[in-house]
Amino acid sequence: MSKSSQKAWQLLRRLDSDPPVNPGHANVTPDQIAHQLIQNGKTNRSRIKMKINRVPELETYQLSSPLNLKELREAIKRCKTGKAPGLDDLMREQIKHLGPKAENWLLKFYNQCLAHKQIPRAWRKTKIIAILKPGKDASNARNYRPISLLCHLYKVYERMLLNRLGPVIEPKLIAQQAGFRPGKNCTGQIIHLTEHIEEGYKKGCIMGTVFVDLTAAYDTVQHRKMLHITRDFDFTKTVQTLLENRSFYVEFQGQKSRWKRQKNGLPQGSVLAPTLFNIFTNDQPQPPHTKSFIYADDLGLTTQAKDFETVEKQLTNALKDLSSYYKENHLKPNPAKTQVCAFHLRNREANRKLKVTWEGPRARTLFPS
């Protein structure tokens, strides 16, 4: 895994005993899949009450100062090889072997993009490859996972911006969020959750946990809300440049869809997208008597008490607070895939299941995992 995660996963797939399933020719068109991606990002505009004034031209010094050759080489060095190209057909291997003259020209070009807050049109266009999710019905356009292919030169530019923004953004993010942050990862969150469970054992408490699932989390990020939030981080103009006027097409079974305009959502495959999503959800509530373990769009919400009834009540109230937050920010929770479970050492009540109600558009009792 430390040398090549791609080769490691390929080996694991070959060792899998389940034979690969060939869905054959799917009775779905690229246009249907593209239309479904647009539907994922649709929001109710009537709920948007914020006022977005003219975007200020001045931003933090970390972004306004020219980029240098050291930053460019560091960004190129961190690019992984073996990745499919974007619409410009430029491979990462080609970028990694640029000579001094090409590097200086590219640096000058990036600085012009930064100074004028503009990027090439090709960087705003995305090629999406649709892949059927395992075990899903091939005739349903919702069951396809979009793999976005962006231009690698655009990703290098994003990497340079992210390296500058990191020290500014990091202190402002909530401590519960561990997704795509230095020194934090998914394994760390699992360890913290395990330690929290063990603490409950020592106290003789029952710990209830709800693992919240969001539908198409990145696709539902509302651009106007995103620009409003980034004012606190002082780089609104740059974010607006990267998000506005984006378009994509879907390629599936050798066919291409029509070009579609992406009015909402963060570009899949973007270097900055995970950090922007962390910023977008940085104000999510921390309900009383609960503790959150967050990794990107995945949330584990826990509470501890001496009896099952208190645990159920506290989790239900916490989900009610989250429902209001999701509605206000146009995020789409999925109660059907949200799971709830209990951790305790009471053998007599080993078969007792938590009854937690999700108060959303339709009240729903969550199923234990």
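- Taking an unreviewed UniProt entry as the reference, the protein chain is identified by name as ribonuclease H belonging to Anolis carolinensis.
- The UniProt entry for the protein chain carries the following comment under Sequence similarities (unreviewed entry): "Belongs to the beta type-B retroviral polymerase family. HERV class-II K(HML-2) pol subfamily."

1. Re the nonpolar core
Alright, step 1. One finds Tyr110, Trp123, Val156, Tyr157, Met226 and Tyr326 to be the most contacted residues of the largest nonpolar core, which totals 67 residues.
Alright, step 2. No other element matches the 9 residues that helix α7 (residues 152-169) contributes to this core.
Alright, step 3. Not counting the four nearest positions on each side in its chain, Tyr110 is found in contact with Leu67, Leu72, Trp123, Leu153, Val156, Tyr157 and Met160.
Alright, step 4. If you look at the next biggest cluster of nonpolar residues, it comprises 13 residues, including Ala138, Tyr144, Phe248 and Phe252.

2. Some points on the environment of Asp232
Alright, step 1. With respect to the secondary-structure elements, Asp232 resides in the loop between α9 (223-229) and α10 (236-243).
Alright, step 2. Counting along the chain gives 60 residues from Asp232 to Lys172, while the straight-line C-alpha distance between them is 9.3 Å.

3. Focus on helix α12 (residues 308-328)
Alright, step 1. Taking 1.5 Å of rise per residue, 21 residues should cover 30 Å, and α12 covers 31 Å from first to last C-alpha, within 8% of that figure.
Alright, step 2. Residues of α12 that are buried include every one of Phe308, Val311, Glu312, Gln314, Leu315, Thr316, Ala318, Leu319, Leu322, Ser323, Tyr325 and Tyr326, and no others.
Alright, step 3. On the buried face of α12, the contacting elements are β3 (206-212), α11 (273-280), β8 (298-305), β9 (339-343) and β10 (357-358).
Alright, step 4. Of the residues that open α12, the one with a side-chain oxygen 3.3 Å from the backbone nitrogen of Glu309 is Asp307.
Alright, step 5. Within two residues after α12, His330 carries a phi angle of roughly 65°, on the positive side.

4. Remarks on the packing of aromatic side chains
Both the distance between ring centres and the angle between the ring planes are used here to describe each pair of aromatic rings.
Alright, step 1. Counted according to the given criterion, the structure contains 12 aromatic pairs.
Alright, step 2. Ring geometry for Trp105 versus Phe109: centroids 5.6 Å apart, planes at 5°, classification stacked. Separated by 4 residues within a single helix, Trp105 and Phe109 lie in helix α6 (residues 100-116), roughly one turn from each other.
Alright, step 3. Phe109 gets classed as partly exposed once you look at its relative accessible area, which sits at 22%.

5. Thoughts on a nonpolar patch on the surface
Alright, step 1. There is a patch of nonpolar side chains on the surface, built from Met1, Trp9, Leu11, Leu12 and Leu15 and spanning about 550 Å² of accessible area.
Alright, step 2. Inspection of the secondary structure assignment puts Leu12 in helix α1 (residues 5-15).
Alright, step 3. A relative accessible area of 43% places Leu12 in the partly exposed class.

6. Some words on the side chain of Gln262
Alright, step 1. The residue Gln262 is located in strand β6 (residues 260-262) in this model.
Alright, step 2. Taking the relative accessible area as the measure of exposure, Gln262 reaches 14% and is therefore buried.
Alright, step 3. A distance of 3.5 Å separates a polar side-chain atom of Gln262 from the backbone oxygen of Asn264.
Alright, step 4. Contacts of Gln262, omitting those with residues within four sequence positions, involve His223, Arg246, Ser247, Phe248 and Pro267.

What counts and how
Residues numbered from 1 in each chain as written. Predicted model: local features only at pLDDT ≥ 70, side-chain atom pairs only at ≥ 80, totals over all residues. Heavy atoms only, no water. UniProt positions renumbered as here; feature names shortened; annotations may be inferred. Core = buried A, V, L, I, M, F, W, Y, C linked by side-chain atoms within 4.5 Å. Buried < 20%, exposed > 50% of the residue type's maximum accessible area, 1.4 Å probe, protein only. Helix = DSSP H or I, 4+ residues; strand = E, 2+ residues; numbered from the N terminus. Contact = heavy atoms within 4.5 Å. Expected span 1.5 Å × (residues − 1). Polar contact = N/O pair within 3.5 Å; in protein donor to acceptor, adjacent residues only side chain to side chain. Phe/Tyr/Trp six-rings, centres within 6.5 Å; stacked < 30°, edge-to-face > 60°. Patch = residues over 30% accessible without salt bridge, like charges linked within 9 Å, V, L, I, M, F, W, Y side chains within 5 Å. Areas by Shrake-Rupley, 256 points an atom, 1.4 Å probe, with all protein chains shown as cover. Salt bridge = Lys/Arg side-chain N within 4 Å of Asp/Glu carboxyl O.

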